[in-house]
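Understanding the architecture of this molecule
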Amino acid sequence: GAGVSQSPSNKVTEKGKDVELRCDPISGHTALYWYRQSLGQGLEFLIYFQGNSAPDKSGLPSDRFSAERTGGSVSTLTIQRTQQEDSAVYLCASSLRRQGAGGANVLTFGAGSRLTVL
Amino acid sequence: DAKTTQPPSMDCAEGRAANLPCNHSTISGNEYVYWYRQIHSQGPQYIIHGLKNNETNEMASLIITEDRKSSTLILPHATLRDTAVYYCIVRVAMYSGGGADGLTFGKGTHLIIQP
């Protein structure tokens with residue numbers, strides 16, 4: 001597609017429910033990133049996928065968070081047993097970066113999924 | 001990655017040039033300087049990047065000092081739509097694997113364009 005697409009754009013859920021957030025990166029982009037941004041805060045890195053390599057999960061805040069990337073394209077971020085502190089905008093980005101490559105790495109972001117946990 | 005320092009906020013009159021400074025005194029030779037901006041309720045948007053030389057594109061100019069310890073993003077004719085948080089980020093050029101090759105966003109500069 002022309003840009004990074006995220007869905008849903010808004011999600012309101014009750015505490016304790018599971019949620020899934022979807023990211024459709026730019027076609028051909030091998031690298032995919034998830035960030036989250038709490039109200040009034042900066043971006044917090046969550047997880048990174050690069051081609052067929054094992055993902056870097058070092059930013060995931062707890063084991064309630066997980067993500068998959070199927071077929072090297074679409075990614076799903078899953079939050080189990082949501083808590084109120086999970087309320088944030090979840091941003092996905094993709095880039096052309098390939099493993100072993102140098103040079104600049106320009107990320108293209110989606111519009112985000114705003115999650116509100118009541 | 002080298003740490004960056006930016007003023008928390010700046011004002012600029014519409015139609016004037018907006019000059020946003022960034023200090024990155026610990027930058028190493030293989031780190032790029034990137035600028036992104038985030039307009040309210042949107043995802044961050046790439047603006048420009050550079051390594052050593054000054055750069056210009058349709059959005060902005062990037063001036064990097066000779067010692068590379070600071071840079072300035074210039075929006076030549078600011079409009080109200082340029083009101084946003086501007087992030088200056090430095091990141092190593094070569095991806096060697098084994099770790100996230102993304103960008104670390106700080107607090108940025110909230111640029112407010114005044115009519």
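Refer to the structure presented above.
Please read all numbers here as calculations on a predicted model, not as lab measurements. (Residues numbered from 1 in each chain as written. Chains lettered and ligands numbered in written order. Predicted model: local features only at pLDDT ≥ 70, side-chain atom pairs only at ≥ 80, totals over all residues. Heavy atoms only, no water.)

Things to note about the sheet that holds strand E6 (residues 65-69) of chain A
Residue and element names in this part refer to chain A.
- The four strands are arranged E1-E3-E7-E6 in an open sheet whose pairing can be described as antiparallel. Edge positions in the open sheet fall to strand E1 (5-7) and E6, since each of these has one partner strand only. Each neighbouring strand pair of the sheet contributes to a mean axis angle of 15°, computed without reference to strand direction.
- Across three bridges, the pairing between E1 and strand E3 (residues 19-24) is antiparallel. By the bridge assignment for E3, Ser-7 is matched with Arg-22. (Pairing = 2+ DSSP bridges. Helix = DSSP H or I, 4+ residues; strand = E, 2+ residues; numbered from the N terminus. Axes fitted to C-alpha atoms, helices over the stretch in contact; angles between N-to-C directions.)

As for the nonpolar core
- Grouped together as the largest cluster of nonpolar side chains are 21 residues, with contacts concentrated most on Trp-35, Leu-73, Tyr-86 and Leu-111 of chain B.
- Mapped by element, the contributors of at least two residues to this core are strand E2 (18-23), strand E3 (31-38), strand E4 (45-50), strand E6 (61-64), strand E7 (70-75), strand E8 (84-92) and strand E9 (109-114) of chain B.
- For this core, the element with the highest residue contribution is E8 of chain B, accounting for four residues.
- Ignoring any residue separated from it by four or fewer positions in sequence, one finds Tyr-86 of chain B in contact with Gln-6, Leu-20, Trp-35, Tyr-36, Arg-37, Ile-47, Leu-73, Leu-75, Gly-108, Thr-109 and Leu-111 of chain B.
- Membership of the second largest hydrophobic core comes to 20 residues, among which are Leu-21, Cys-23, Leu-32 and Cys-92 of chain A. (Core = buried A, V, L, I, M, F, W, Y, C linked by side-chain atoms within 4.5 Å. Buried < 20%, exposed > 50% of the residue type's maximum accessible area, 1.4 Å probe, protein only. Contact = heavy atoms within 4.5 Å.)

Thoughts on the environment of Leu-20 of chain B
- Tracing the sequence through the fold places Leu-20 of chain B in strand E2.
- Excluding anything up to four places from it in sequence, Leu-20 of chain B contacts Met-10, Trp-35, Ser-71, Thr-72, Leu-73, Tyr-86, Thr-109 and Leu-111 of chain B.

Some remarks on the pairing of strand E7 (residues 75-79) of chain A
Residue and element names in this part refer to chain A.
- Burial analysis of E7 places four of its five residues in the buried class, the great majority of the element.
- Bridge count between E3 and E7: five bridges; the pairing is antiparallel. Residue pairing across strands places Cys-23 opposite Ser-75, the latter belonging to E7.
- Sheet topology note: the E6/E7 ladder contains five bridges and is antiparallel. Paired with Glu-68 across the two strands is Thr-76, which belongs to E7.
- In this structure, the hairpin formed by E6 and E7 is closed by a connection of five residues, where Gly-71 is found at a positive phi of approximately 60°.

Brief notes about the side chain of Thr-109 of chain B
Residue and element names in this part refer to chain B.
- With respect to the helices and strands, the residue Thr-109 is situated in strand E9.
- Of the residues examined, Thr-109 reaches a relative accessible area of 0% and is grouped as buried.
- Engagement of the side chain of Thr-109 in a polar contact is seen with the side chain of Gln-6, the distance being 3.5 Å.
- Only 2.5 Å separates the side chain of Thr-109 from the backbone oxygen of Pro-7, close enough to count as a polar contact.
- Contact partners of Thr-109, with chain neighbours within four places excluded, come to Gln-6, Pro-7, Pro-8, Ser-9, Met-10, Leu-20, Ala-84, Val-85 and Tyr-86. (Polar contact = N/O pair within 3.5 Å; in protein donor to acceptor, adjacent residues only side chain to side chain.)

A short note on the side chain of Arg-37 of chain B
All names here are of chain B.
- If you trace the backbone, Arg-37 turns up in strand E3.
- At a separation of 2.8 Å, a polar atom in the side chain of Arg-37 contacts the side chain of Asp-82.
- Once residues within four sequence positions are removed from consideration, Arg-37 is found in contact with Gly-43, Pro-44, Gln-45, Ile-47, Met-59, Arg-81, Asp-82, Ala-84, Val-85 and Tyr-86.

Some thoughts on the pattern of salt bridges
- Scanning all chains against the criterion turns up four salt bridges over all chains.
- Where Arg-36 of chain A meets Glu-44 of chain A, a salt bridge forms, and the shortest distance between an N and an O atom there is 2.8 Å.
- In this structure, the salt-bridge partner of Asp-82 of chain B is Arg-37 of chain B, at a minimum N-O distance of 2.8 Å. A residue pair is termed long-range when its members are at least 10 positions apart, and Asp-82 of chain B in the loop between E7 and E8 and Arg-37 of chain B in strand E3 qualify at 45 residues. Arg-37 of chain B shares its class with Asp-82 of chain B; the two are buried. (Salt bridge = Lys/Arg side-chain N within 4 Å of Asp/Glu carboxyl O.)

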